[in-house]
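# Reading the structure
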Amino acid sequence: MTAWLGRRVEGLPVAAIVVLFAALALYPLLTALPFWRHIVIMSMLYGAMGVAWNILGGLAGQVSFGHGLYFGIGAYTAAYCYKAFGLAPLLSVPIAIAISTLAAVLIGLPTFRLRGHYFVLASVFIMEGIYVVVSNWDQLGAAIGLEYPVYRAQGFLDALWHGQFPGKLPYYYGALGLFVLALVAFRVIQRSPFGMFLVAIREEQDAALSLGVDVARYKLYALIVSAAITTLCGTFYAQYVLYVEPMSTVSLVVSLEICFIAILGGIGTLWGPALGAFVIVPLTELLRAYLSGRIALDMSALSGGGLMAWLEYYARGGGGNLDILAYGLVIILIARFQPAGVLGFIRRID
Amino acid sequence: MIYGQVLLDGLIVGLMFALVAMGLSLIYGVMNIVNFAHGEFMMLAMYFCFFAWSLFGIDPLVSTPLAAVVMFFVGVAVYRLLIRHVLGASMVAQIFATFGLLLFIQAAANFFWKADVRSIPTSWAAGNFQIAGLFFSGPEVIAGLGALLTAGALYWFIHRTETGLALQAVAEDPQAARLMGIDSDRMFAIAWGVSCAVVAIGGGLLSTYYAISPLAGSRWALPAFVAVAIGGFGSISGAFFGGIIIGVVQTAGGFFTSPSYKLLFVYGLYLLIVFWRPYGLLGRR
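We now examine the overall build of chain A. Counting its secondary structure elements, chain A contains 16 helices and four strands. Burial status across chain A gives 46% buried among its 350 residues. Pairs at least 24 apart in sequence give 76% of the contacts found in chain A among residues at least 6 apart.

The secondary structure content of chain B amounts to 11 helices and two strands. Order of helices (α) and strands (β) in chain B, N terminus to C terminus: α-α-α-α-β-β-α-α-α-α-α-α-α. The C-alpha atoms of chain B give a radius of gyration of 18 Å, which matches the 19 Å a tight globule of 285 residues would have. Its C-alpha atoms give chain B principal-axis dimensions of about 60 × 45 × 35 Å. Sequence separation of 24 or more characterises 75% of the internal contacts of chain B that already satisfy a separation of 6 or more.

This part takes up the packing of helix 2 (residues 38-56) of chain B against helix 3 (residues 60-86) of chain B. Residue and element names in this part refer to chain B. Helix 3 packs onto helix 2 with a crossing angle of 135° between their chain directions and a minimal axis gap of 9 Å. Classified by the interaxial angle, the pair formed by helix 2 and helix 3 is oblique. Crossing angle aside, the handedness with which helix 2 passes helix 3 is right-handed. In contact with Phe-41, Leu-44, Ala-45, Phe-48, Cys-49, Ala-52 and Trp-53 of helix 2, helix 3 contributes Pro-60, Ser-63, Thr-64, Ala-67, Val-70, Met-71, Val-74 and Gly-75. In terms of residue class, the contact of helix 2 with helix 3 is made up of 12 nonpolar, three polar and no charged.

Most peptide bonds take the trans configuration, and most residues that are not glycine carry a negative phi. Of note, the phi angle at Leu-242 of chain A is positive, near 55°, even though the residue is not glycine. As for its position among the elements, Leu-242 of chain A is in the loop between helix 11 (215-241) and strand 4 (243-244). Positive phi outside glycine occurs at Asn-32 of chain B, with the angle close to 60°. Judged by local crowding, Asn-32 of chain B falls into the partly exposed class, with 16 C-beta atoms found within 10 Å.

Compared with an ideal rise of 1.5 Å per residue, which puts 27 residues at 39 Å, helix 11 of chain A spans 39 Å between its outermost C-alpha atoms and is within 8% of the ideal. Remark: Leu-242 of chain A follows helix 11 of chain A within two positions and exhibits a positive phi of approximately 55°.

Attention now moves to the interface of chain B and chain A. Residue-level contacts link 40 residues of chain B with 35 residues of chain A. If you list the elements that add at least two residues to the side of chain B that touches chain A, you get helix 3, helix 4 (91-113), helix 9 (218-231) and helix 11 (262-276) of chain B. Broken down by class, the residue content of the side of chain B that touches chain A amounts to 33 nonpolar, six polar and one charged.

Before going further, it helps to examine the pairing of strand 2 (residues 134-137) of chain B. Residue and element names in this part refer to chain B. When strand 1 (residues 128-131) meets strand 2, the two strands line up antiparallel, connected through four bridges. The residue of strand 2 that forms the bridge with Phe-129 is Phe-136. Between the end of strand 1 and the start of strand 2, which pair antiparallel, lie two residues, with Ala-132 showing a positive phi angle near 50°.

A few words now on the packing of helix 5 (residues 138-160) of chain B against helix 10 (residues 236-256) of chain B. All names here are of chain B. As a packed pair, helix 5 and helix 10 sit with axes 10 Å apart at the nearest point and diverge in direction by 165°. In terms of orientation, helix 5 lies roughly antiparallel with respect to helix 10. Crossing angle aside, the handedness with which helix 5 passes helix 10 is left-handed. Of the residues in helix 10, those touching helix 5 at Ala-151, Leu-154, Tyr-155 and Ile-158 are Ile-236, Ser-237 and Phe-240.

Once that is clear, we can look at helix 2 (residues 14-30) of chain A. Helix length check: helix 2 of chain A (17 residues) gives 24 Å between terminal C-alpha atoms against 24 Å at 1.5 Å per residue, within 8%. For helix 2 of chain A, the principal kink sits at Leu-24 of chain A and spans about 35°; a proline, Pro-28 of chain A, occurs within the next four residues.

So, on to the environment of Gly-47 of chain A. Here Gly-47 of chain A is to be found in helix 3 (residues 34-59). Setting aside its immediate chain neighbours within four residues, Gly-47 of chain A contacts Phe-179, Pro-273, Ala-274, Ala-277 and Phe-278 of chain A.

Attention now goes to the environment of Phe-125 of chain A. Relative to the helices and strands, Phe-125 of chain A is located in helix 6 (residues 116-134). Owing to 27 C-beta atoms within 10 Å, Phe-125 of chain A belongs among the buried residues under this scheme.

This part covers the confidence of the model for chain B. Scored by pLDDT, chain B comes out at a mean of 90, with 97% of its residues at no less than 70. Among the prediction metrics, the complex's ipTM stands at 0.90, with pTM recorded as 0.89.

Basis of the calculations
- Residues numbered from 1 in each chain as written.
- Chains lettered and ligands numbered in written order.
- Predicted model: local features only at pLDDT ≥ 70, side-chain atom pairs only at ≥ 80, totals over all residues.
- Helix = DSSP H or I, 4+ residues; strand = E, 2+ residues; numbered from the N terminus.
- Buried ≥ 20, exposed ≤ 12 C-beta atoms within 10 Å, placed from the backbone.
- Contact = placed C-beta atoms within 7 Å.
- Rg over C-alpha atoms; globule rule 2.2 N^0.38 Å.
- Axes fitted to C-alpha atoms, helices over the stretch in contact; angles between N-to-C directions.
- Parallel < 35°, antiparallel > 145°, perpendicular 65-115°, else oblique.
- Left-handed = near helix turned anticlockwise from the far one by under 90°.
- Nonpolar A, V, L, I, M, F, W, Y, C, P; charged D, E, K, R; others polar.
- Expected span 1.5 Å × (residues − 1).
- Pairing = 2+ DSSP bridges.
- Bend = angle between axes of the 7 residues up to and from the residue.
- pLDDT = per-residue confidence, 0-100.

Structure (structure tokens):
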């Protein structure tokens, strides 16, 4: 009767999965503080994107440093359509996914012929090029971006139509929905013949090719699915922060964050990117909240103050950026000591 | 005449790109690692020269060789502490090692020296002159000549010295080189030291006219990857010519459209090249 609870999905017993997701669903009961809810919302959002990235990066082995593009397409389409035509964000989702599919085909077809560093650098340069274009695109607000007009919704349906909710709770369950959607999509693909073709491509592309696997086509399908989920996350993000600008969407930094979450957790695994997001997102959010808020004194006031004044200056946070400093250090240490990701570390303890 | 000026400006920018690209290509050629933090070493050298000037009144033209020596040892230390341990890891782990280093060094520079833009206005190199209708800026001409000299020295080192030949041997076939009694670990460390020293010279020369900030280095390093790709990954002389090409392309592209679009031409060039020849313009395999 309860035997299915003992079955394992990639090492994790079903009972544990049920408990974990029940805990996630009930977490808002635990705290009403916006900051603590925000951390979990962002973890689930980035978790969803890490899992989506993993469909292309983990299963098919195509390491893309350009997923910020699809995130940005989702965010900018929603913001632009709402501001320009008053279109409900939910209705802009199909438009955004159509655009991201088109972008995926246009980018995927030529780049999937490249291998190794050539592919990685191509995705980096496409991302940087698009960043330049978007930050000079006047209709999209150029470098300043697009800000939503504040809308006071009357009731749930009205809020859903305008994509603006007064509290964090609806966003919380929205993010949870995306997170589950991404995990289910990954699992379904992983278990399907399509997923097995992808793994074959990752392991030995030439062998897969010689066995008649249509390598280019399957890579492209993987990118389209991965991009569509990322686009959905982008639309959600725009509605959540109600402000879209280039640096936090179509930038290399965002792209690397998405990819790093998947790699940190364990590339190619179901739970790895989910775990990675819940490690790295709270870490960065907490670091940002506690370290970057410490704005330093004016440096010119220090001249002549001697060594003690300088030490005090650094003790108060110096020129800032301690959060990024710590983030960089974490990345270095993981690459240095645990290149297989955190999940690999847990497996080793087993 | 205006086109002549664009070409001249592009050439000087290109010589600086060439220096950055040669160091990148050296590391890639010898150990197959893409060093995303390369520009940060350049930025550190710029700050080194800035503080030598502001604290001790030493001219950047004097402190640049010192910066090169210091950065040589920084490069060796980075290799010993970090890079050596990811040599056998996946490409992704290697990329994150050097990308984490980029974030770390940039954030450290922000923390210690703030994001303020600094400059060295009174270098010996300061001053402008005009020849045949072309405007020459003193610091830029000296930087260009310094870059040319350094590039020549690096070429001589790689192709004419015993250490340089050993480096090439390791790049060609590490196992065979080991059998010939070449200590590949030592060669890798030297490659990192030399690469960082070369880019430090670029930083020192730039510091006489370019705005110094924590982000200054990455603005040079990312386009320099395009130069490396043009020349074929791992080719030192290819990277030199690649650097000059992207300098001219960037300057001309910015001149004919708008300076904010200049990098688009460089990135577009990379895509054109790899779509046409997936292993680089002069690359093999």
